[in-house]
Amino acid sequence: MRKVFMNHVELKQVSKSFGGIQVIPPLDLSIRSGEFLVLVGPSGCGKTTTLRMVAGLEDASGGEILISGVNVTNNRPGERDCSMVFQNYALYPHMSVRDNISYAMRVHGVEKSEIDLRVGDAIKLLGLEDYIDRKPRSLSGGQRQRVAIGRALVRKPQVFLFDEPLSNLDAKLRVEMRTEIKLLQRKLGTTAIYVTHDQMEAMTMADRVVVMRAGVIEQVDSPITLYEEPINQFVASFIGSPAMNFMEGFINDGTVVLGDQQVTLSPEDAARLCSATPVIFGIRPEHFRRSDHQSELSLTPNVVEPLGAHTLILGSLEGQKITVQVDPRFEVEPDIRCTVPIDMSQAHFFNPTSGIRL
Amino acid sequence: MYPVRYEDMVLTKILESKHLFIWPAFLTVLIVSLFPLVYALIVSFQSIRLVPPIPPRFVGLDNYAEIVSSARFWGSITTTAIIVCISVFLQYVIGFTLALTLHHNVRGASLYRVVFLLPMFLAPVCVALIAKMLFHPVLGPVNDLFTIFGSPNISFLTVPPLAIAVLVIVETWQWTPFVVLLMLAGLQGLPSDVFEAARVDNISIWRRFRDITFPMLLPLSIAVIFIRMIEGFKIVDTVFILTGGGPGTSTETLTLFAYNEGFKKFNMGMTSALSFMFLIVVIVFGSVYLAAAQRIVRRYK
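**Student:** I would appreciate a short explanation of the overall build of chain B in the present structure.
**Tutor:** Along the backbone of chain B there are 12 helices and 2 strands. In sequence order, the secondary structure elements of chain B are arranged as α-β-β-α-α-α-α-α-α-α-α-α-α-α. Its C-alpha atoms give chain B a radius of gyration of 25 Å, more than 25% over the compact-globule value 19 Å for 301 residues. A burial count over chain B gives 40% of its 301 residues as buried. Of all intrachain contacts in chain B linking residues separated by at least 6 positions in sequence, the fraction that spans at least 24 positions is 69%. Charge-centre separation for chain B: the mean point of 21 positive side chains lies 4 Å from the mean point of 15 negative side chains.

**Student:** Would you mind showing me how to read the pattern of salt bridges here?
**Tutor:** Within the structure shown, the criterion is met by 24 salt bridges over all chains. Across the salt bridge formed by Glu164 of chain A and Lys47 of chain A, the nearest N and O atoms sit 3.9 Å from each other. Here Glu164 of chain A is found in the loop between strand 7 (159-163) and helix 5 (171-188), whereas its partner Lys47 of chain A is found in helix 1 (residues 47-55), with 117 residues between them in sequence. Of the residues examined, Lys47 of chain A reaches a relative accessible area of 4% and is grouped as buried. Connected via shared salt-bridge partners are Lys16, Arg52 and Glu58 of chain A together with Glu196 of chain B.

**Student:** Is there a simple way to explain unusual backbone geometry in this structure?
**Tutor:** Apart from glycine, the bulk of residues carry a negative phi angle, and the bulk of peptide bonds sit in the trans form. Residues and elements named next belong to chain A. Cis peptide bonds are those with omega within 30 degrees of zero, and the linkage from Ser241 to Pro242 qualifies with -5°. You can see Pro242 is positioned in the loop between helix 8 (233-238) and strand 11 (245-252). A positive phi angle is found at Glu164, which is not glycine, with a value near 40°. A positive phi angle is found at Glu318, which is not glycine, with a value near 50°. The residue Glu318 is located in the loop between strand 16 (311-317) and strand 17 (320-326) in this model. Among the residues examined, Glu318 registers a relative accessible area of 34% and is labelled partly exposed.

**Student:** Would you mind showing me how to read the interface of chain A and chain B here?
**Tutor:** Quoted interface sizes are often the accessible area lost when the parts come together. Between chain A and chain B, the contact holds 25 residues from the first and 17 residues from the second. Both faces considered, chain A and chain B share a buried interface measuring about 1,900 Å² in area, 56% of it formed by carbon and sulfur atoms. Together, Tyr92, His94 and Tyr103 of chain A form the three largest contributors to the area buried by chain A at its contact with chain B, with a combined 27%. Asp201 of chain B is the salt-bridge partner of Arg155 of chain A, the closest N and O atoms lying 2.7 Å from each other.

**Student:** Explain the sheet that holds strand 1 (residues 7-18) of chain A to me, please; I cannot follow it from the model alone.
**Tutor:** Through backbone hydrogen bonds, the strands of a sheet pair up, either in parallel or in antiparallel fashion. All names here are of chain A. The antiparallel open sheet is built from 4 strands, whose spatial order is 2-1-4-5. Of all strands in the sheet, those with a lone pairing partner are strand 2 (21-32) and strand 5 (70-71), marking the two edges. The pairing of strand 1 with strand 4 (residues 62-67) spans 5 bridges and is classified as antiparallel. Looking at the pairing, Val9 lines up with Ile67 of strand 4. Seen against the sheet, helix 1 touches strand 1, strand 2 and strand 4 and runs at an angle of roughly 115° to strand 1.

**Student:** What am I meant to see in the packing of helix 3 (residues 71-103) of chain B against helix 7 (residues 160-189) of chain B here?
**Tutor:** Helix-helix packing is characterised by the crossing angle of the two axes and by the distance between the axes. Residues and elements named next belong to chain B. Contact geometry of helix 3 with helix 7 gives a least axis separation of 6 Å together with a crossing angle of 40°. Between helix 3 and helix 7, the angle is such that the two are oblique. Crossing geometry of helix 3 relative to helix 7 is assigned as right-handed.

**Student:** Would you explain the sheet that holds strand 3 (residues 36-40) of chain A in this entry?
**Tutor:** Residue and element names in this part refer to chain A. Pairing is mixed in the open sheet, where 6 strands are placed in the order 6-7-8-3-9-10. Bordering the open sheet on either side are strand 6 (82-85) and strand 10 (216-221), each of which pairs with just one other strand. Here the strands of the sheet are splayed against their neighbours by 20° on average, with no regard to which way each runs. Both strand 6 and strand 7 contribute to a ladder of 4 bridges, which runs parallel. Each bridged residue has a counterpart across the sheet, and for Val85 the counterpart in strand 7 is Phe162.

**Student:** What is the right way to look at the domain arrangement of chain B in this model?
**Tutor:** Residues and elements named next belong to chain B. With domains assigned, chain B is organised as domain 1 (16-58) and domain 2 (62-300). Spacing between the C-alpha centres of domain 1 and domain 2 amounts to 31 Å. Of the residues lining the interface, 11 residues belong to domain 1; the matching set on domain 2 comes to 10 residues. Summing both partners gives a buried area of about 900 Å² for domain 1 against domain 2, and 62% of it is carried by carbon and sulfur.

So, how was this worked out
- Residues numbered from 1 in each chain as written.
- Chains lettered and ligands numbered in written order.
- Predicted model: local features only at pLDDT ≥ 70, side-chain atom pairs only at ≥ 80, totals over all residues.
- Heavy atoms only, no water.
- Helix = DSSP H or I, 4+ residues; strand = E, 2+ residues; numbered from the N terminus.
- Rg over C-alpha atoms; globule rule 2.2 N^0.38 Å.
- Buried < 20%, exposed > 50% of the residue type's maximum accessible area, 1.4 Å probe, protein only.
- Contact = heavy atoms within 4.5 Å.
- Lys, Arg positive; Asp, Glu negative; His and termini not counted.
- Charge placed at Lys NZ, Arg CZ, Asp CG, Glu CD.
- Salt bridge = Lys/Arg side-chain N within 4 Å of Asp/Glu carboxyl O.
- Buried area = accessible area lost by both parts, 1.4 Å probe.
- Pairing = 2+ DSSP bridges.
- Axes fitted to C-alpha atoms, helices over the stretch in contact; angles between N-to-C directions.
- Parallel < 35°, antiparallel > 145°, perpendicular 65-115°, else oblique.
- Left-handed = near helix turned anticlockwise from the far one by under 90°.
- Domains from an automatic or database assignment.

In structure tokens form, the structure reads like this:
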């Protein structure tokens, strides 16, 4: 039995510099045993570098990395008992699907019967029965990624590392695969670290999400907490689709003044926020709806996008762009001013200079 | 009938004008390459001697028969084949090793990259002249090196096995850079994530080379060896300078044999026939090599 550690993977003050430029300032992160942790952020935020440091493909410039309580900071990638799934699949092009999956075990002298058993299981689990003798080049992107996942899981590693494994697949397949990966990970109970730039992937797959920006961890929380209680304006804008609307304004006697319009605050917010403070008012497109703490805003629609389940209005309000999600039966015409309800219990307020949520 | 569209007319014009572009190139090839080849083929069936001049006489396959029955011809094939096989093998092994070393970014790799390529830029005649001095039986530094260890003076270029060894060394020294250049380009074109996947899977460096790098570069390796083989068969200047084919004809290569027939005996018919025999020999060796390579490739396909 593998010993269960509360904190399976730990990063202590890990930093990374490339030629004198610090791309990742010292960061701390602990990943619990069996947890599915997603690192998300815009490109260049250091999420892939962080993952590669855990894998050992990049050396940490400072700090310690612990896996199951063992300091692996200076260990070679092979000595860390991780397996990794890459963005471009990284299959051995001259080996068949079966050989790709079994290669590492054959090199390490695992018994033939054991190899056959594990490869058989993986192939069945991933639905690759019909392709075992094919070469990667005659497989589709989704099948290749499945082979790569199979290659990672047959080794029964301590930690799975995923580096944007779905970003080369088409949209439909991506949705299918993310469910498959999630189910697989839950079934195996293996700790997983998953890197993506797609917040939707992060939200749907993660037990906990790490939002990163410019090498710094902005917030680590469950998907729903990130959505409901973003720590700052960056996290608020990054999580959720379509993105949250932000408008400059100030608090005045239980209302927010946005240009020449006013919306009434919910009682909790009114009690909390001091009068006359300038704020960034944030509201998600889906929170333009009727509720107990309702207010109204009028705006000029520029484009109306009927999506079936709901309709998106891309409009302008006091010279600022705004996206509103309304019921499909909502009567709206481009360029004709309309009034939309707004659920003030879902409103967020941010400090205009620091971006921190008030 | 459909009306003729303007676009179609333009297209037709373009299609017609393509001949204008092809013909000059085709004519040039015809004049400078095809015509001499056909002329040489005709000459090879004749007996032509320039000095003393003898009027051309059609002799059919006599020239070829004479070549095939001469021991000198078979000797030159053997010499050429030995030099080519050993030197190309060494070039490939040393070249690939150097390319791997350079690829893994040793300190000062960019300096080595330039230095390693230098021999390739020298004219073979110069290389041969330098080698002749290096391997001089009395004055050469290589000889000095051996005499330090108490060996008597070695006449490198007058003992047949040693002379061939010197030729192999010179060929290897000059053409290993070519292998380095191409194999390095091949290595740099390989996807890096495949090797990262292998590293994460705890595959040792030797197994990574044996199971991943080598098979992935196999098609390139086959092409590189093929090019070096064909080029190797053409060796003439190095041998001409270093040994002149001697002692006797023991280091005479095919091309040098043809040169001696043509420019020492001025026996043009014989020389042309020899050139065609050379072509046949290269085709035979090339085909055997490619067939063997094909079998190896199939194992990995």
